[in-house]
Amino acid sequence: MEKFTTIQSRAIPLSIENVDTDQIIPARFLKATDRKGFGENVFRDWRFKKDGTVNEEFVLNDSKYLGNILVAGDNFGCGSSREHAAWAITDYGFKVVVSSFFADIFKGNALNNGLLPVQVSADFLSQLLNLVENNPETELEVNLVAQTISVKDSELSENFNIDAYKKTCLINGYDDIDYLVNNKELIEAFEAQKIY
């Protein structure tokens, strides 16, 4: 995984609540087991009309919005436990998803795949969505080390929580195996002290 410490980016506002994993990546696209290529079908049924033409009204198709941060409505990633949802979001180019609540399994899958789920208060989320929708040039900064999300050139800021282990993994670009390998000496020293 890529190392993650801080990102400054414009954001894309998806002010829809209860976005489930089938809306993120429809089941008919789950045939592959490789993580690559899922981004082209992220939010497929919202990005395209039934006849296959682009839905110009969907926010990801609106050229005034861009960036690596997705600001979504409450209860993001609910539904089935497909890891492909995190794959699709990261393959599309997002590094961060902001919401006031994430489904637990989605949150775990996101963290395991280098996607940072930033959970904020409902009030802060509402302010972010309004700012980004009304001014697409708005830039956000997500600082994983300090565990803060803020609006550039503004006093608007909030702290967020993250599991300490997952924070370490993201900062160092580790998956679970990398973490163990990088702590091999500590593990061996601990094992040497054990009495069997």
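Here, every reference points to the structure presented above.
First, a word on what this report is: a plain description of the structure on this page. (Residues numbered from 1 in each chain as written. Predicted model: local features only at pLDDT ≥ 70, side-chain atom pairs only at ≥ 80, totals over all residues. Heavy atoms only, no water.)

1. Quick word on the overall build of the chain
Turning to step 1, where the next piece is worked out: Secondary structure assignment for the chain yields 8 helices and 7 strands.
Turning to step 2, where the next piece is worked out: With the principal axes as the frame, the chain shows a C-alpha extent of 65 × 45 × 25 Å.
Turning to step 3, where the next piece is worked out: Sorting the 196 residues of the chain into buried and exposed places 44% on the buried side.
Turning to step 4, where the next piece is worked out: The contacts of the chain with a sequence gap of at least 6 include a subset with a gap of at least 24, amounting to 65%.
Turning to step 5, where the next piece is worked out: Counting only carbon and sulfur atoms, one obtains 47% of the accessible surface of the chain, whose full area is about 10600 Å².
Turning to step 6, where the next piece is worked out: Side chains of the chain give 19 positive and 30 negative charges; the mean places of these two sets differ by 5 Å. (Helix = DSSP H or I, 4+ residues; strand = E, 2+ residues; numbered from the N terminus. Buried < 20%, exposed > 50% of the residue type's maximum accessible area, 1.4 Å probe, protein only. Contact = heavy atoms within 4.5 Å. Areas by Shrake-Rupley, 256 points an atom, 1.4 Å probe, with all protein chains shown as cover. Lys, Arg positive; Asp, Glu negative; His and termini not counted. Charge placed at Lys NZ, Arg CZ, Asp CG, Glu CD.)

2. So, the sheet that holds strand β1 (residues 6-14)
Turning to step 1, where the next piece is worked out: One open sheet holds the 7 strands; their spatial order is β4-β3-β2-β1-β5-β6-β7, and the pairing between them is mixed. Strand pairing shows two members of the sheet lacking a second neighbour, β4 (116-119) and β7 (157-159), which therefore form its edges. Across the sheet, the mean angle from the axis of one strand to that of its neighbour is 25°, orientation sign disregarded.
Turning to step 2, where the next piece is worked out: Of the strands in this sheet, β1, β2 (69-72), β3 (96-99), β5 (139-143), β6 (148-151) and β7 touch helix α5 (residues 122-134), which is tilted by about 80° from β1. (Pairing = 2+ DSSP bridges. Axes fitted to C-alpha atoms, helices over the stretch in contact; angles between N-to-C directions.)

3. Here's the deal with the pairing of β3
Turning to step 1, where the next piece is worked out: On β3, burial covers both faces: V96 and V98 on one face and V97 and S99 on the other are all buried.
Turning to step 2, where the next piece is worked out: The pairing of β2 with β3 spans 3 bridges and is parallel. If you follow L70 over to β3, its bridge partner there is V97.
Turning to step 3, where the next piece is worked out: Chirality of the crossover, the property in question, places the unit of β2, helix α3 (residues 84-92) and β3 among those that are right-handed.
Turning to step 4, where the next piece is worked out: The pairing of β3 with β4 spans 4 bridges and is classified as parallel. (Right-handed = clockwise from strand over helix to strand, strands pointing away.)

4. A word on unusual backbone geometry
Turning to step 1, where the next piece is worked out: One non-glycine residue, N75, lies in the positive phi region at around 65°.
Turning to step 2, where the next piece is worked out: Looking at where N75 falls in the secondary structure, it is placed in the loop between β2 and α3.
Turning to step 3, where the next piece is worked out: The class of N75 is buried, set by a relative accessible area of 18%.

5. Description of α3
Side chains three or four residues apart in an α-helix point the same way, a direct result of the helix having 3.6 residues per turn.
Turning to step 1, where the next piece is worked out: For α3, the set of buried residues is H84, A85, A86, W87, A88 and I89.
Turning to step 2, where the next piece is worked out: A positive phi of about 125° marks G93, the residue just after α3.

6. Brief notes about the packing of aromatic side chains
Turning to step 1, where the next piece is worked out: This structure, assessed with the given rule, holds 10 aromatic pairs.
Turning to step 2, where the next piece is worked out: For the pair F43 and W46, a centre-to-centre distance of 5.8 Å together with 5° between the ring planes defines the contact as stacked.
Turning to step 3, where the next piece is worked out: Looking at F43, the relative accessible area reads 0%, which means it is buried.
Turning to step 4, where the next piece is worked out: Between the NZ or CZ atom of R44 and the centre of the ring of F48, over which it lies, the distance is 4.3 Å. (Phe/Tyr/Trp six-rings, centres within 6.5 Å; stacked < 30°, edge-to-face > 60°. Lys NZ or Arg CZ within 6 Å of the ring centre and 35° of its normal.)

7. Here's the deal with the pattern of salt bridges
Opposite charge on two side chains permits them to pair, given that their charged atoms come into close proximity.
Turning to step 1, where the next piece is worked out: What the rule picks out here adds up to 8 salt bridges.
Turning to step 2, where the next piece is worked out: Residue D62 is joined to K64 by a salt bridge in which the shortest nitrogen-to-oxygen separation is 4.0 Å.
Turning to step 3, where the next piece is worked out: A relative accessible area of 42% means that K64 is categorised as partly exposed.
Turning to step 4, where the next piece is worked out: As a salt-bridge pair, K152 and E139 come within 3.9 Å of each other at their nearest N and O atoms. In this pair, K152 sits in the loop between β6 and β7 while E139 sits in strand β5, placing the two residues 13 residues apart along the sequence.
Turning to step 5, where the next piece is worked out: E139 sits in the partly exposed class, given a relative accessible area of 28%. (Salt bridge = Lys/Arg side-chain N within 4 Å of Asp/Glu carboxyl O.)

8. Here's the deal with the packing of α3 against helix α4 (residues 104-112)
Turning to step 1, where the next piece is worked out: Close contact between α3 and α4 brings their axes to 8 Å; oriented N to C, the two are set at 50°. Looking at the two axes, α3 sits oblique to α4. As α3 runs across α4, the sense of the crossing is right-handed. Between α3 and α4, the residues in contact are A85, A86 and I89 and F106, N109 and A110, respectively. (Parallel < 35°, antiparallel > 145°, perpendicular 65-115°, else oblique. Left-handed = near helix turned anticlockwise from the far one by under 90°.)

Scope: geometric values only; no functional claims are made or implied.
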